[in-house]
Amino acid sequence: MADQFAALIIVVPLIASLFVPVIGWWKKRLCYPWVVAVLVIPLISSLSVLNTVMTTGKFSYRLGGWAPPWGIEYMLDHLSAFVLVIVSSISLIVAIYSKKSIEDNLPEKTVPFYTLFLLLVTGLMGIVITGDVFNLFVFLEISALSCYALIAIGEEGAPMATFNYIIIGTIGACFYLLGIGYLYIATGSLNMADLANILPDLYHSKVILVAFAFFTVGLAIKAGLFPLHTWLPDAYCTAPSAVSALIAPLMTKVAAYVMIRLLFTVFQPNFSVNMVPVMPILGWLSVMAIFWGGIKALAQTDLKRMLVYVVVAEVGYIVIGVSVANRMGLTGAILHIMNDAVMMACLFLVVGAILYKTGTREIQQLRHLNKKMPFTMAAFTITALSMVGIPPACGFFSKWYLILGTIEAGQWVWAAALLCSSLINAVLFFRVIECAYLKPMEPAYALNGGETKHEEIQRDEAPLTMLVPIVITAAGVILLGIFSGKIISSVIQFAVPASF
Amino acid sequence: MDVLYSSRPLWAVLVSMIAAFLILATGEKNRNIRESWTIMAALAKFLIVFSMVPVILQGKVIEYTIVTFYPGLLLQFRIDAFGMLFGVIASSLWIATSFYSIGYVRGLNEHAQTRYFFAFAMCLSSTIGIAFSANLLTFLVFYEILTIATYPLVIHKESKEGIMGGRKYLAYTLTAGCVLLFAIGMIYYMTGTLDFKAGGFIAGSGSSTVLIMLFAMLIFGFGVKAGIMPMHEWLPTAMVAPTPVSALLHAVAVVKAGVFGCLRVILYVFGPGLLHDLGIWLIMAYIASFTIVVAGFLALGQDHLKRRLAFSTINNLAMIVVGAALLTKSSMTGGIIHMANHAFMKITLFFCAGAIHVKMHKDYVSQLDGLGRQMPLTMGAFAIGAIGLSGIPPMSGFISKWFLCLGALEANQIIFLFVFMTSAMLDVAFFFPIIYNSFFKKPLDDVAPHFDEAPMFMVIPLVITALLSIVFGIVPDAFFRFFSLTSLAVQNIMGVG
């Protein structure tokens, strides 16, 4: 039974996306319920898959019944099932949210939007579920191409940003494809499990080393790791709200997942950690990502653009957890994939709601927002505290494990970078909170002639379809923090490669 | 040691957190219902905490595990005598402060009262969490919650000054939180456990250089909240907060949490034995003594009443730290019991400052001439608190000073005796002019010549806390069993170290 669920995760959104134009041609407003209804199925399926994995251990699904290594295989272990649940739940939440945002932003483009939306989700889930490196490339391209199109329908400047993204994203995909080519030449296999068996004998081959290098660079581009992140800020920032809320939490996280997969499943940790100096390089790049993202974020006056740079920094968090290459660090990294996905989803949803209601994203213009949109701002505050790393919100716990990981690895500078990053986040987010919650300071009074002082501020909350997803993610931030112990003991500790 | 498993510690923490959300849900429209949540939670919390005192006094500990992450890494409550002492102080004074707060915010018709009471309840929740923490991780979790829960109170006025004070507060405390996180991670990596143990648990787990570094980090992390110099800067700035906030948070919850953390580190993480071996106890004591004296002198120069009290707080907290750092039986007793005594006396003083602010709108020492005639209860209570803090019998301050001085002698460090004496002199020097001016000087024009006190909601709590400071001076073990708890805690520590 669980086997079928594994197939449903991919098949349902893929087929459903082709139906969206048909439905849209018939009745445009039915697209939204269709997409939401469709996305429930992958969520249920991935939960069921996770349940199966937790009770009976990992299993694989042979697509079309072809036996691996020739046929394509879906590999479902703790790690992929866990990430699948994250991807499917975030995409459902964002789909629910998208209604008003799309009506407002892109009334003409509802149909293509939802088609691409489903394709993007299919691609992301395919990347996670597949056990075949070439199939992974296919899904990578599906997600990337639909993502380019989704970003390009955004605000002014989006086509240019998309163009940048296409160029760099395609280079990344090419690197990845070249890596696959080299592996295939050397081993004759594309199946991950099969590769993992064959590769150890070839670890000293130059071909494998080059393939490994291509993989690493290609994925670093896809994950937006400094200094290969340059495509990311513009693309994420100019995309429509609903799109940024989907790609900001998921795209980079999924790339980070693939990185863990390739570094520690396809290649053995023994190779990735001891035989090539990739871990220190990734680690130091992440440190730079954290500082660069943080500093750039500090310089922004536009809330969304600030968050986009925070995404750059957060990628650094996850990659640091990977590059310390020990149990604690990887626990932190995997936990942070989840936490960051939820936090970023919440923050970008909030930004979208603010934009929808007030028409601005300028931090300075968020005044009195706590009165206008109390629930939205409460959600923002909770998530902001989580980003700073205040318990019991989830951000604290991933930070804690990441720090433990860096301590165990003896990487003091990395630990310091993580700690500094929380402080940078504190400055970033408290600046926003101050603007939104506290009365304007003296000069602003003078500008308004003191008239706004006694103005009664009406509550003007975001519509329910927006508010509910926001509240769910914010509650998720707290609950995932409180239950992080449970999540670690039942899923993540098995998701960390066994050799650690 | 007997362990009693019970969920009472959890409820003690949760009750005010639940109340906080009820307060939020009730909102501004039903003020009386909202306030009744505060009062009910305060009473319930105190009853729950106090119901556990007899168990603790029998020498048992009460334990409750919230969640386990990895072996040795868990969120857990374990109440020992020391934690109980802090729990009782915080929960009993919350009752007084709740009533007082109601009088204060209504007296001044403050804005954002819901937020105020919400944050207050959250603060108390985390303070009790800190008191009952079984290990450093749990401690850190609640310590960070406390940091954030206090922020809305510090910036309550939303003036430029308040916002700047809030920023400074966050800059200091969040940095401290980061340092703590790192140090605690180190300790976990080195020892595989984070559980507090009377007499310390990390001896022998690393080289002395590493241990000294860790000690410095932990003391820095907790010392920021405790206002140990040079990390005290935020405390006087944060006095822009409303007075009940200053009263409870700066005399009881926040700064006491810092001091409580310092004492936990000194006595329960490192332990007297290890600190003697490392030889850092004396350095610690000197640094804190420096704080005592300098804070005393700085207090002399403050005209703003609350800032003067803030420096007096810094002075007294450092005294508690010195008591622990001297590592003798009497000095520890003195230090720990001073946590309780100082709390009651200092909260009285802050309450008085608030009452004066509400009634007379006066904030400066130089404006208090003759006020004793109009507000005899308030100024009388102020006099009691001030006399007590100067260490004059029969107030409770004398008890702690006596033990601290004995401790200095036991440790063969006569210099600290002089530090305590100097501090007492300075206390007299910066408090007595206030008493003198208010009772013996010619009243200022705006002082009414007849009895005209602040609202009863404010006066009654401050009279009660003032009376309690006298009672604790005569019978240190009265009502709350502070003295028994203290000696039990000291016994536990000395029994091992």
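Residues numbered from 1 in each chain as written. Chains lettered and ligands numbered in written order. Predicted model: local features only at pLDDT ≥ 70, side-chain atom pairs only at ≥ 80, totals over all residues.

*Asks:* Can you help me understand the overall build of chain B in this one?
*Replies:* Of the regular secondary structure elements, chain B holds 19 helices and 3 strands. Against the globule reference of 23 Å for 497 residues, chain B gives a C-alpha radius of gyration of 21 Å, in line with a compact fold. Here the C-alpha coordinates of chain B stretch approximately 65 × 55 × 45 Å along the principal axes. In chain B, which comprises 497 residues, the share counted as buried stands at 63%. Sequence separation of 24 or more characterises 81% of the internal contacts of chain B that already satisfy a separation of 6 or more. (Helix = DSSP H or I, 4+ residues; strand = E, 2+ residues; numbered from the N terminus. Rg over C-alpha atoms; globule rule 2.2 N^0.38 Å. Buried ≥ 20, exposed ≤ 12 C-beta atoms within 10 Å, placed from the backbone. Contact = placed C-beta atoms within 7 Å.)

*Asks:* I'm lost on the overall build of chain A in this one. Help?
*Replies:* Of regular secondary structure, chain A possesses 21 helices and 2 strands. Taking 2.2 N^0.38 as the reference for a compact globule, 500 residues should give roughly 23 Å; the C-alpha atoms of chain A span a radius of gyration of 22 Å, in line with that estimate. Principal-axis analysis of the C-alpha atoms places the extent of chain A at approximately 75 × 60 × 45 Å. Across the 500 residues in chain A, those meeting the buried criterion constitute 60%.

*Asks:* Would you explain the interface of chain A and chain B in this entry?
*Replies:* By a widespread convention, an interface's size corresponds to the accessible area lost as its parts come together. If you look at the interface, chain A gives 22 residues, while chain B gives 21 residues. Contributing elements (two or more residues each) for the side of chain A that touches chain B: α17 (394–409), α18 (412–437) and α21 (484–495) of chain A. Per element, the largest residue contribution to the side of chain A that touches chain B is 7 residues, and it comes from α18(A). Partitioned by chemical class, the residues of the side of chain A that touches chain B number 16 nonpolar, 2 polar and 4 charged. (Nonpolar A, V, L, I, M, F, W, Y, C, P; charged D, E, K, R; others polar.)

*Asks:* Mind showing me how you'd approach the environment of Ile478(A) here?
*Replies:* All names here are of chain A. Its location among the elements puts Ile478 in helix α20 (residues 464–482). Taking the C-beta count within 10 Å as the criterion, Ile478 has 17 such neighbours and is therefore assigned partly exposed. On a C-alpha basis, the gap between Ile478 and Ala393 in space is 4.5 Å, while along the polypeptide they are 85 residues apart. Residues within four places of Ile478 in sequence aside, it is in contact with Ile382, Pro392 and Ala393.

*Asks:* How should I be thinking about the sheet that holds strand β1 (residues 3–5) of chain B in this particular structure?
*Replies:* Residue and element names in this part refer to chain B. Here we have 3 strands laid out as an open sheet, ordered β1-β2-β3, and mixed in their pairing. Edge positions in the open sheet fall to β1 and β3 (73–79), since each of these has one partner strand only. Sheet twist, expressed as the mean angle between neighbouring strand axes with direction ignored, is 40 degrees. The pairing of strand β2 (residues 61–70) with β3 spans 7 bridges and is classified as antiparallel. Each residue of the ladder has a partner; that of Tyr64, found in β3, is Phe77. (Pairing = 2+ DSSP bridges. Axes fitted to C-alpha atoms, helices over the stretch in contact; angles between N-to-C directions.)

*Asks:* Is there a simple way to explain the pairing of strand β2 (residues 73–76) of chain A in this structure?
*Replies:* Regular strands have side chains that alternate between both faces of the sheet. Residue and element names in this part refer to chain A. Because side chains alternate across β2, one face comprises the buried residues Glu73 and Met75, and the other comprises Tyr74 and Leu76, equally buried. Both strand β1 (residues 59–62) and β2 contribute to a ladder of 4 bridges, which runs antiparallel. By the bridge assignment for β2, Phe59 is matched with Leu76.

*Asks:* How do you make sense of the pairing of β2(B) when you look at a structure like this?
*Replies:* Residues and elements named next belong to chain B. The pairing of β1 with β2 spans 3 bridges and is parallel. Looking across to β2, one finds that Leu4 is bridged to Ile62. Between β2 and β3, which pair antiparallel one after the other, the connecting turn spans 2 residues, and Gly72 there sits at a positive phi close to 80 degrees.

*Asks:* Would you mind going over α17(A) with me for this structure?
*Replies:* Structurally, the α-helix is built with 3.6 residues per turn, so residues lying three or four positions apart point the same way. Residue and element names in this part refer to chain A. Compared with the 22 Å implied by 1.5 Å per residue over 16 residues, the 23 Å span of α17 between its first and last C-alpha is a close match. Of all 16 residues in α17, 15 are buried, a share of seventy percent or more. Just downstream of α17 lies Gly410, where phi reads positive at about 70 degrees. (Expected span 1.5 Å × (residues − 1).)

*Asks:* Quick question: what am I supposed to make of helix α6 (residues 158–187) of chain A here?
*Replies:* The terminal C-alpha atoms of α6(A) lie 42 Å apart, and with 30 residues this matches the ideal 44 Å at 1.5 Å per residue to within 8%. Following α6(A) by one or two positions, Gly188(A) adopts a phi angle in the positive range, close to 75 degrees.

*Asks:* Looking at this structure, I do not really get unusual backbone geometry. What am I missing?
*Replies:* Across the chain, the bulk of peptide bonds are trans and the bulk of non-glycine residues have phi less than zero. With omega at 0 degrees, the peptide bond leading from Phe226(A) into Pro227(A) counts as cis. Tracing the backbone shows Pro227(A) in the loop between α8 (206–223) and α9 (231–238). Cis geometry marks the peptide bond from Met229(B) to Pro230(B); its omega dihedral reads 5 degrees. Checked against the element boundaries, Pro230(B) lands in the loop between α8 (208–226) and α9 (234–237).

*Asks:* Which parts of the structure should I look at to understand the nonpolar core?
*Replies:* Generally speaking, a soluble globular protein has its nonpolar side chains buried in company with each other. Among the nonpolar cores identified, the biggest contains 414 residues, and Ala345(A), Cys346(A), Leu85(B), Val321(B), Ala325(B) and Ile347(B) are the most heavily contacted of them. When residues of this core are assigned to their parent elements, the largest contribution, 22 residues, is made by helix α10 (residues 243–278) of chain B. Ile347(B) has contacts with Leu93(B), Ala96(B), Ala247(B), Leu248(B), Ala251(B), Val252(B) and Thr465(B), leaving out every residue within four places of it along the chain. (Core = buried A, V, L, I, M, F, W, Y, C linked by C-beta atoms within 7 Å.)

*Asks:* I keep staring at the packing of helix α13 (residues 329–360) of chain B against helix α16 (residues 396–410) of chain B and nothing clicks. Help me out?
*Replies:* Pairs of packed helices are described in terms of their axes, by the angle between the two and the distance that separates them. All names here are of chain B. Orientation of α13 relative to α16, taken along the N-to-C sense of each, is 160 degrees, at an axis distance of 7 Å. By the angle between their directions, the pair α13 and α16 is classed as roughly antiparallel. Judged by the sense of rotation from one axis to the other, the crossing of α13 with α16 is left-handed. Contacts between α13 and α16 involve Lys329, Ser330, Ser331, Thr333, Gly334, Gly335, Ile337, His338, Asn341, Phe344 and Met345 from the first element and Ser396, Gly397, Ile399, Ser400, Phe403, Leu404, Leu406, Gly407, Ala408 and Glu410 from the second. Tallied by class, the residues present in the contact of α13 with α16 amount to 8 nonpolar, 11 polar and 2 charged. (Parallel < 35°, antiparallel > 145°, perpendicular 65-115°, else oblique. Left-handed = near helix turned anticlockwise from the far one by under 90°.)

*Asks:* Any chance you could explain the packing of helix α2 (residues 31–56) of chain A against helix α3 (residues 78–105) of chain A here in plain terms?
*Replies:* Residues and elements named next belong to chain A. Where α2 meets α3, the axes come as close as 8 Å, and the angle between the chain directions of the two elements is 160 degrees. It follows that α2 is roughly antiparallel to α3 by the angle criterion. Considering how the two elements wind past one another, α2 and α3 form a crossing that is left-handed. Residue-level contacts link Tyr32, Val35, Val36, Leu39, Val40, Pro42, Leu43, Ser46, Leu47, Val49, Leu50 and Val53 of α2 to His78, Ala81, Phe82, Leu84, Val85, Ser88, Ser89, Ser91, Leu92, Ala95, Ile96 and Lys99 of α3. Tallied by class, the residues present in the contact of α2 with α3 amount to 18 nonpolar, 5 polar and 1 charged.

*Asks:* Quick question: what am I supposed to make of the confidence of the model for chain A here?
*Replies:* If pLDDT is low for a region, its predicted coordinates should not be looked at in detail. The share of residues in chain A with pLDDT of 70 or more is 96%, and the mean pLDDT across the chain is 87. Averaged pLDDT values for the elements of chain A fall to 45 in helix α19 (residues 442–447) of chain A and rise to 92 in helix α12 (residues 278–298) of chain A. (pLDDT = per-residue confidence, 0-100.)

*Asks:* What should I look at first to understand the confidence of the model for chain B in this one?
*Replies:* Looking at chain B, pLDDT values average 88 and 99% of them are 70 or higher. On the interface metric, ipTM, the complex scores 0.88, and its pTM is 0.91.

*Asks:* Mind showing me how you'd approach the environment of Leu219(A) here?
*Replies:* All names here are of chain A. Turning to its location among the elements, Leu219 is positioned in helix α8. Look at Leu219 and you get buried, because 26 C-beta atoms sit within 10 Å. For the pair Leu219 and Lys28, spaced 191 residues apart in sequence, the C-alpha to C-alpha distance is 37 Å. Residues in contact with Leu219, not counting those within four places in the same chain, are Tyr176, Ala255, Val258, Met259 and Leu262.

*Asks:* Would you explain the environment of Asn32(B) in this entry?
*Replies:* Within the fold, Asn32(B) resides in helix α2 (residues 31–51). Each C-alpha atom, one on Asn32(B) and one on Ile102(B), is 9.7 Å from the other, the two residues being 70 residues apart in sequence.

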